[in-house]
Amino acid sequence: MSHVLDPALRRALSERFRYYNELGIYDFYRRGPRVAESSGTAVVPTEGAAESDLRFQPELREEMASRKSAAAAAVADQNIFEVLPARPEQDASNPADALQLIREDLGDCTRCKLHKQGRKQIVFGVGNPRAELMFVGEGPGADEDAQGEPFVGRAGQLLNNMIKAMGLRREEVYIANVVKCRPPGNRTPERDECETCSPFLMRQIAVIKPKVVVALGAVSARNLLAINAPMSELRGRFYDFLPAGSRDASWPGARLAVTYHPAFLLRDPRQKGEAWKDLQMVMKYLGLEPPKKAVE
Ligand code: SF4
């Protein structure tokens, strides 16, 4: 049943959504009515929820819902969606333009504390806007911060070798990070920083629509999958991955694989063989020819 939103409520919701949009979040989810587990009734979607809202992997949907949809969850009226603004990139005619619109939306970002901890510039992402394969690391280092491009230092050289070993060129894939500003001293990005920045990454992935996303390292994997597990459990399999807010019914989502971060492989080269196994799994899925020589 549809109801007309009270004007004051509509205004309040609009303001709240504007606040979330400022953070790069354009997608909201409502939990359906939850019945006590003892009743044996599962959680069901709320009437009127957008179809795209219901396709996310359950753990991600739950995670996103708990983190970011307080405003939406509080109101049981399907007309709430009338006040939701469209993403800026929604009507772009091609992925390159859409990525540019996301970059403009990011602006000279000050949304998390990394903006005031010594970053020189925002490192948005680089590569083919229509890439079938996307790599996602955790955050820029000193070289990336200086050049404004992800994976250009020593770890970047190794990533280039890994890409080459897969029979691809760097220009053919897309490379980005969970956070777009360099954490001071190359520390691990903190949870609030990842949560603030990752909506923009999700929008990038939703625009590029890769067949495979490779998460480089545990920080990337845990943020993309919203699973808190060690690398030993995360690697060695594909996950179905649909970035939050993907609205293209013709794109079923990507497969996501997890491998070691190149910086870790530089510190522990013995793990290169394991990383190569992960990449071979991706190559097989993408139909890439196995090269004669593996990762160097
Ligand atoms: S890390 Fe992301 S959210 Fe934080 S200031 Fe940089 S661009 Fe903004």
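Residues numbered from 1 in each chain as written. Predicted model: local features only at pLDDT ≥ 70, side-chain atom pairs only at ≥ 80, totals over all residues. Heavy atoms only, no water.

## Looking at the layout of surface pockets
Next up, step 1: Counted as a void, the largest pocket has a volume near 530 Å³.
Next up, step 2: If you trace the largest pocket, you find 25 residues lining it, with Gly139, Ala155, His261, Ala263 and Arg267 closest to the centre.
Next up, step 3: Residue assignment for the lining of the largest pocket shows that the elements contributing at least two residues are α5 (142-147), α6 (154-165) and α10 (262-267).
Next up, step 4: The leading source of residues in the lining of the largest pocket is α10, at four residues.
Next up, step 5: Tallied by class, residues from the lining of the largest pocket come to twelve nonpolar, seven polar and six charged. (1 Å grid on protein atoms, 1.4 Å probe; cavity = no way out; pocket = protein on both sides within 12 Å on 5 of 7 lines; lining within 4 Å. Points joined across faces, edges and corners; volume = space filled by probe spheres on them. Helix = DSSP H or I, 4+ residues; strand = E, 2+ residues; numbered from the N terminus. Nonpolar A, V, L, I, M, F, W, Y, C, P; charged D, E, K, R; others polar.)

## Brief notes about empty space enclosed by the protein
Next up, step 1: Here the structure, examined in full by the defined rule, presents four cavities of 30 Å³ or more.
Next up, step 2: Here the largest cavity is characterised by a volume of approximately 100 Å³.
Next up, step 3: Taken together, 13 residues make up the lining of the largest cavity; nearest its centre are Cys109, Cys112, Lys180, Cys181 and Cys197.
Next up, step 4: Residue composition of the lining of the largest cavity, by class: eight nonpolar, two polar and three charged.

## Here's the deal with the pattern of salt bridges
Next up, step 1: Per the stated rule, a full pass over the model turns up 20 salt bridges.
Next up, step 2: The salt bridge involving glutamate 149 is made with arginine 170; its shortest N-O contact spans 2.9 Å. Separated by 21 residues along the polypeptide, glutamate 149 in the loop between α5 and α6 and arginine 170 in the loop between α6 and β3 (174-177) bring together distant segments of the chain.
Next up, step 3: On the basis of relative accessibility, which here comes to 16%, the residue arginine 170 falls in the buried class.
Next up, step 4: Glutamate 274 is the partner of lysine 277 in a salt bridge, and the nearest nitrogen-oxygen pair spans 2.8 Å. Here glutamate 274 and lysine 277 lie together in helix α11 (residues 272-286), a separation of three residues that amounts to about one turn.
Next up, step 5: Accessibility expressed as a relative area gives 25% for glutamate 274, which makes it partly exposed. (Salt bridge = Lys/Arg side-chain N within 4 Å of Asp/Glu carboxyl O. Buried < 20%, exposed > 50% of the residue type's maximum accessible area, 1.4 Å probe, protein only.)

## Topic: the nonpolar core
Next up, step 1: Counting residues in hydrophobic clusters, the biggest one holds 67 residues, and the most contacted among them are Leu133, Phe135 and Leu224.
Next up, step 2: Per-element accounting of this core gives the leading share, eight residues, to helix α7 (residues 191-208).
Next up, step 3: Apart from residues lying up to four places away in sequence, phenylalanine 135 is in contact with Leu159, Ile163, Met166, Val173, Tyr174, Ile175, Ala176, Val214, Leu216 and Leu279. (Core = buried A, V, L, I, M, F, W, Y, C linked by side-chain atoms within 4.5 Å. Contact = heavy atoms within 4.5 Å.)

## Here's the deal with the pairing of strand β4 (residues 212-216)
Next up, step 1: In terms of residue burial, β4 counts as a mostly covered element, since five of its five residues are buried.
Next up, step 2: Burial along β4 is two-sided: the face carrying Val212, Val214 and Leu216 and the face carrying Val213 and Ala215 are both buried.
Next up, step 3: Here four bridges tie strand β2 (residues 133-137) to β4, and the two strands are oriented parallel to one another. Directly across from valine 136, in β4, lies its bridge partner alanine 215. (Pairing = 2+ DSSP bridges.)

## Concerning the packing of helix α4 (residues 95-106) against α7
Next up, step 1: Viewed as axis vectors pointing N to C, α4 and α7 meet at an angle of 170°, and their least axial separation amounts to 9 Å. By the criterion of interaxial angle, the relationship of α4 to α7 is roughly antiparallel. On α7, the residues touching Pro95, Ala98, Leu99, Ile102, Asp105 and Leu106 of α4 are Phe200, Arg203, Gln204, Val207 and Ile208.
Next up, step 2: Counted by class, the contact of α4 with α7 contains eight nonpolar, one polar and two charged residues. (Axes fitted to C-alpha atoms, helices over the stretch in contact; angles between N-to-C directions. Parallel < 35°, antiparallel > 145°, perpendicular 65-115°, else oblique.)

## Regarding the sheet that holds β4
Next up, step 1: Here we have six strands laid out as an open sheet, ordered β1-β3-β2-β4-β6-β5, and mixed in their pairing. Strands with a single pairing partner mark the edges of an open sheet, and in this sheet they are β1 (126-127) and β5 (239-241).
Next up, step 2: Against the sheet, α11 contacts β2, β4 and β6 (254-259), and its axis sits at roughly 165° relative to β6.

Shape descriptors only; they carry no functional weight alone.
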